[in-house]
2 protein chains.
Amino acid sequence: MNALPDIDAVETAARRIAPWVRRTVILQSASLDALAGCELVFKCENFQRVGAFKFRGACNAVFSLDDADAARGIATQSSGNHGAAIARAAQLRGVPAYVVVPTSIAATKRAAIARYGARVIDCAPTMAARNAGMAEVIAETGAVAVHPFDDARVIAGQGTATLELLEQVTAPLDVVVAPVSGGGLLSGTAIAAHGRSTHIQVWGAEPASAADAQASLAQGRRITEWPIDTICDGLRATLGELPFAILREHATGVATATEDQIVAAMRLMFERLKLVVEPSAAVALAAILAHPEPFTGKRVGVIVSGGNLDLERLPWQ
Amino acid sequence: MNALPDIDAVETAARRIAPWVRRTVILQSASLDALAGCELVFKCENFQRVGAFKFRGACNAVFSLDDADAARGIATQSSGNHGAAIARAAQLRGVPAYVVVPTSIAATKRAAIARYGARVIDCAPTMAARNAGMAEVIAETGAVAVHPFDDARVIAGQGTATLELLEQVTAPLDVVVAPVSGGGLLSGTAIAAHGRSTHIQVWGAEPASAADAQASLAQGRRITEWPIDTICDGLRATLGELPFAILREHATGVATATEDQIVAAMRLMFERLKLVVEPSAAVALAAILAHPEPFTGKRVGVIVSGGNLDLERLPWQ
């Protein structure tokens with residue numbers, strides 16, 4: 001296991017990726033504030049390159065490599081946004097990318113990975129098939145693997161969204177909320193937030209039907225066997241080792257939302273914020289609305305994680 | 001007819017409405033630039049209060065009134081966004097609003113008008129019925145009428161979006177494109193753009209099936225009898241007198257797009273910009289893609305006019 005990244009790693013990542021990432025805007029809505037009973041500040045990573053925060057971590061990992069390693073190419077496995085992010089970061093660095101994707105991937109996400117010039121390797125939608133696909137492509141190409149979340153460079157990169165958010169707000173935040181799946185974003189968020197102020201509370205949000213992070217933190221051990229079934233295609237991984245260690249250290253809470261609550265929150269974000277967000281990006285607002293107690297009356301930053309989804313049919317239709 | 005507003009009127013409007021309006025962000029997309037063959041800068045008025053640029057003009061008109069006039073209340077007729085904008089501006093000023101709306105209005109837009117505290121008066125979806133509804137409510141209440149576009153205060157307010165856009169861009173724009181219907185936005189855009197630089201070209205965009213502005217400017221006379229049939233519920237008015245005079249003076253071009261092109265552009269804006277936009281707001285990008293000649297290789301500002309639509313069914317579904 002890599003060493004745990006710290007605030008210095010996040011700041012180094014911010015400088016390293018600054019030429020490549022977008023400084024995404026923040027948005028607010030008085031009507032959502034009224035609904036939630038708190039002041040919400042949305043950090044719009046759906047506007048990030050490749051349409052998701054994942055570009056930050058991928059970019060930090062790819063541009064951390066020395067030239068010899070980078071030249072071998074980058075391999076990863078992903079249910080979507082991380083794959084696109086690695087593909088785009090590798091393209092910007094001018095090296096090959098190999099992305100193993102499950103056949104369950106959203107068509108838009110698969111197309112984006114290919115558009116960014118990566119070789120897409122399809123596999124069955126199981127962790128075993130994904131790992132086997134990775135092993136095969138690495139054996140064949142010698143590419144360097146970049147894990148979607150169990151990687152200190154990736155975690156540090158994801159934390160840069162929160163560094164920016166804290167610079168952009170006009171008054172200090174009391175809480176920052178981010179979705180949690182493998183935990184790369186949430187652990188990076190915790191490191192960045194607490195690196196700036198130990199008074200900021202950090203909350204994760206996950207689907208009630210994929211609540212392994214909440215259970216893992218409550219029980220003090222990683223629960224990796226969890227029957228995950230959620231509309232949030234970006235939140236189907238279980239908590240990684242490195243994120244688990246970081247989240248324990250940072251005493252991070254996790255709130256959940258049901259599938260119906262996630263769909264309702266997603267629709268609210270379309271309607272009130274005029275933002276196209278994917279279901280995974282709506283879980284934070286959904287959890288705040290479902291469990292308002294920790295947030296009531298506070299200033300709450302929300303990481304809007306991404307906006308990639310098949311637009312043929314929206315989930316409330 | 002009021003006197004034609006000028007750049008001073010737009011600057012005065014900008015100062016007057018500054019406490020109330022949002023300074024909306026600009027967004028760019030490399031993939032849309034590649035598709036269009038020009039550099040596009042989107043001014044996101046879908047993020048404006050009430051979800052549309054219309055709030056700027058309504059706010060300028062409502063806050064221009066002296067206290068005695070304002071106290072009588074504000075009356076208007078609108079197929080949607082202007083009604084919501086008047087309702088919200090009147091609410092902020094603490095005076096009543098009366099909004100005559102055709103029964104063909106999108107449910108979301110009608111609900112918004114009511115949410116902002118206005119009295120909603122339904123009428124048949126014809127200009128005659130709308131005018132009769134207005135006459136009745138004014139006779140009954142003594143309210144001051146604020147026309148959606150044939151009003152110098154409204155036009156000056158709409159122009160403030162372009163003033164902001166020109167301040168926000170990092171390099172000068174060659175062209176600014178805005179949708180045209182009654183012409184309040186486009187004429188305000190022309191005044192603001194040419195007030196800053198006479199080198200900026202100003203283009204309107206309208207549905208091919210509602211191309212009365214293009215025909216009116218080509219023929220040098222307002223054509224008000226036009227069989228308008230378009231998905232763009234915000235673009236069903238014909239060009240007003242005051243906007244017509246301004247657009248002639250400013251030698252404004254008008255490009256059109258078919259209904260299919262508008263829907264395709266709307267979908268592109270959802271997918272690539274992650275923006276929720278209404279059909280009327282997609283006509284500018286659609287016209288640029290359909291008629292690229294005047295824009296090729298240029299830096300093009302695009303006013304994204306609004307984001308209010310019924311989300312139950314998107315038009316490509």
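Residues numbered from 1 in each chain as written. Chains lettered and ligands numbered in written order. Predicted model: local features only at pLDDT ≥ 70, side-chain atom pairs only at ≥ 80, totals over all residues. Heavy atoms only, no water.

Asker: Help me understand the nonpolar core in this model?
Answerer: Nonpolar side chains tend toward joint burial in soluble globular proteins. L40(A), F270(A), L40(B) and F270(B) are the most contacted members of the largest nonpolar core, which totals 88 residues. Not counting residues within four places of it along the chain, the set of residues in contact with F270(A) comprises L275(A), V276(A), V277(A), L314(A), W316(A), F270(B), V276(B) and L311(B). (Core = buried A, V, L, I, M, F, W, Y, C linked by side-chain atoms within 4.5 Å. Buried < 20%, exposed > 50% of the residue type's maximum accessible area, 1.4 Å probe, protein only. Contact = heavy atoms within 4.5 Å.)

Asker: Mind showing me how you'd approach the pairing of strand 4 (residues 97-102) of chain B here?
Answerer: Sheet faces and side chains relate simply in a regular strand, where the side chains alternate between the two faces. All names here are of chain B. The buried count for strand 4 comes to six of six residues, which makes it a mostly enclosed element. Bridge count between strand 3 (residues 74-77) and strand 4: four bridges; the pairing is parallel. Across the sheet, I74 pairs through a bridge with A97, a residue of strand 4. Tracing the backbone out of strand 3, into helix 5 (residues 81-93) and back to the parallel element strand 4 gives a crossover that is right-handed. Pairing geometry for strand 4 and strand 5 (residues 119-123), over five bridges, is parallel. (Helix = DSSP H or I, 4+ residues; strand = E, 2+ residues; numbered from the N terminus. Pairing = 2+ DSSP bridges. Right-handed = clockwise from strand over helix to strand, strands pointing away.)

Asker: I would appreciate a short explanation of the relation of the copies chain A and chain B in the present structure.
Answerer: Once chain A has been moved 0.0 Å along the axis and rotated by 180°, it coincides with chain B to within an RMSD of 0.0 Å. Accordingly, the operation relating the two chain copies is best matched by a two-fold axis. Closest approach to the rotation axis within chain A is made by the C-alpha atom of L275(A), at a distance of 2.6 Å. Taken as a fraction of all interface residues of chain A, those also at the interface in chain B reach 100%, which identifies the copy contact as same-surface. (Least-squares fit on C-alpha atoms with pLDDT ≥ 70 in both.)

Asker: Just to check I follow, could you spell out the interface of chain A and chain B for this structure?
Answerer: Many analyses report the size of an interface as the accessible area lost when the parts associate. Contacts between the two partners involve 25 residues from chain A, matched on the other side by 26 residues from chain B. At the boundary of chain A with chain B, total buried surface from both sides reaches about 2100 Å², with 54% on carbon and sulfur atoms. If you sort the residues of chain A by the area they bury against chain B, F47(A), K274(A) and L311(A) come out on top, with a joint share of 31%. Between the two partners, chain A and chain B, sit two salt bridges. The shortest N-O distance in the salt bridge between R267(B) and E312(A) comes to 2.3 Å. If one sorts the elements of the side of chain A that touches chain B by residue count, helix 12 (residues 259-273) of chain A sits on top with five residues. (Buried area = accessible area lost by both parts, 1.4 Å probe. Salt bridge = Lys/Arg side-chain N within 4 Å of Asp/Glu carboxyl O.)

Asker: Sorry, what's going on with the pairing of strand 3 of chain B here?
Answerer: Residue and element names in this part refer to chain B. Of the two faces of strand 3, the one holding I74 and T76 and the one holding A75 and Q77 are both buried throughout. Sheet topology note: the strand 3/strand 6 (residues 144-145) ladder contains two bridges and is parallel. What sits directly across from A75, in strand 6, is A145.

Asker: Explain the environment of D212(B) here, please?
Answerer: Residues and elements named next belong to chain B. Within the fold, D212 resides in helix 10 (residues 212-219). The buried category is assigned to D212, whose relative accessible area is 0%. Sequence-wise, D212 and P227 are 15 residues apart; in three dimensions their C-alpha atoms are separated by 9.2 Å. Look past the residues within four positions of D212 in its chain and what remains in contact with it is E206, I223, W226, I228, A237, T238 and L239.

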